[in-house]
Amino acid sequence: MNYSNAIPSANGRPAGGLDGFDAADAAAEYTPIPPGIYTARILRGEYCSTRAGADAYRIRFEVTEGPHAGKSVIRTWTFSPRATPYTKRDLSPFGLTTSEKLLSPFPEAGREYLVRLVVALQRGDDGIERNDIKKIDVLRVDESPAAAFMLPEQSEGGPK
């Protein structure tokens, strides 16, 4: 008995999850963006760990202009004794100046950071080329109109 079509698709669209695997096209092979200067926005910053298990902070940028618009570039900072002063220097323009802020959602709701990235190529020990962000300049920080409707940090009755 063949159960491959026992679960119909929703509204004539192919089913998602494992059911959609056979019909899906493979994504293009990863290729880094060419070295250059790019305008980008910050999609997300997050506390994370390196493959070796060390504490780190990662920011994902999305190129907003030119032929590579929509592509993502990631920069990761670590907190080793030698790296921490550089990490603090590089993250402070984003207001990421304390461990509490590094553990909070970034960017804050209603805020968008537009930046200029200087991107280079780096070849790893494995021979694979990866993007390496050499410099980040904050161009502007946009406040969303929705931010005016967000709940305040404190109510009239005092702290939450």
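Further up the page is the structure itself.
Residues numbered from 1 in each chain as written. Predicted model: local features only at pLDDT ≥ 70, side-chain atom pairs only at ≥ 80, totals over all residues. Heavy atoms only, no water.

The topology assignment puts Ile133 in strand β5 (residues 129–143). Looking at Ile133, the relative accessible area reads 3%, which means it is buried. Taking C-alpha positions, Ile133 is 9.3 Å from Pro35, a pair spaced 98 residues apart along the chain. The contacts of Ile133, once residues within four sequence positions are left out, are Phe61, Val73, Ile74, Arg75, Leu117, Val118 and Val119. (Helix = DSSP H or I, 4+ residues; strand = E, 2+ residues; numbered from the N terminus. Buried < 20%, exposed > 50% of the residue type's maximum accessible area, 1.4 Å probe, protein only. Contact = heavy atoms within 4.5 Å.)

It is worth spelling out the pairing of strand β4 (residues 111–123) at this point. Here strand β1 (residues 36–49) pairs with β4 via six bridges, running antiparallel. When the bridges of β4 are listed, Tyr38 appears paired with Leu117. Pairing analysis gives 13 bridges linking β4 to β5, with the strands arranged antiparallel. Residue pairing across strands places Gln122 opposite Arg130, the latter belonging to β5. In textbook terms, the turn of a hairpin is the stretch between consecutive antiparallel strands, and for β4 and β5 this stretch comprises five residues, one of which, Gly127, has a positive phi near 85°. (Pairing = 2+ DSSP bridges.)

A word on the packing of aromatic side chains. Within this structure, the stated rule accounts for three aromatic pairs. Note on Phe94 and Tyr113: the rings are 5.7 Å apart at their centroids and 75° apart in plane angle, and the pair reads as edge-to-face. One end of the pair, Phe94, is in the loop between α1 (84–91) and α2 (99–102); the other, Tyr113, is in strand β4, with 19 residues separating them in the sequence. The buried category is assigned to Phe94, whose relative accessible area is 3%. For the ring pair Phe106 and Tyr113, a centre distance of 5.2 Å and an interplane angle of 40° mean the geometry is tilted. Accessibility assignment for this pair places Phe106 and Tyr113 in one class, buried. Aromatic ring contacts, followed pair by pair, group Phe94, Phe106 and Tyr113 into a single cluster. (Phe/Tyr/Trp six-rings, centres within 6.5 Å; stacked < 30°, edge-to-face > 60°.)

Let's shift gears to the pattern of salt bridges. Tallied over the full model, the rule gives 14 salt bridges. Between Arg130 and Asp126 there is a salt bridge; the shortest N-O distance is 2.8 Å. The class for Asp126 is partly exposed, based on a relative accessible area of 48%. In this structure, the salt-bridge partner of Lys135 is Asp137, at a minimum N-O distance of 3.1 Å. What emerges from the salt-bridge pattern is a single network uniting Arg41, Glu62 and Glu112. (Salt bridge = Lys/Arg side-chain N within 4 Å of Asp/Glu carboxyl O.)

Relative to the assigned elements, Glu62 resides in strand β2 (residues 55–63). Side chain to side chain, Glu62 and Arg41 meet in a polar contact 2.8 Å long. Non-local contacts of Glu62, meaning those with residues more than four positions away in its chain, are made with Thr39, Ala40, Arg41, Leu43, Gly70 and Lys71. (Polar contact = N/O pair within 3.5 Å; in protein donor to acceptor, adjacent residues only side chain to side chain.)

A few words now on the sheet that holds β1. Sheets are built from strands that pair by backbone hydrogen bonding, the pairs being arranged parallel or antiparallel. If you walk across this open sheet you meet the five strands as β3-β2-β1-β4-β5, and the pairing is antiparallel. Each having just a single partner strand, β3 (72–78) and β5 make up the two edges of the open sheet. Neighbour-to-neighbour, the strand axes of this sheet turn through a mean angle of 40°, independent of strand direction. Strands β2 and β3 of the sheet are contacted by α1, whose axis makes an angle of about 135° with β3. (Axes fitted to C-alpha atoms, helices over the stretch in contact; angles between N-to-C directions.)

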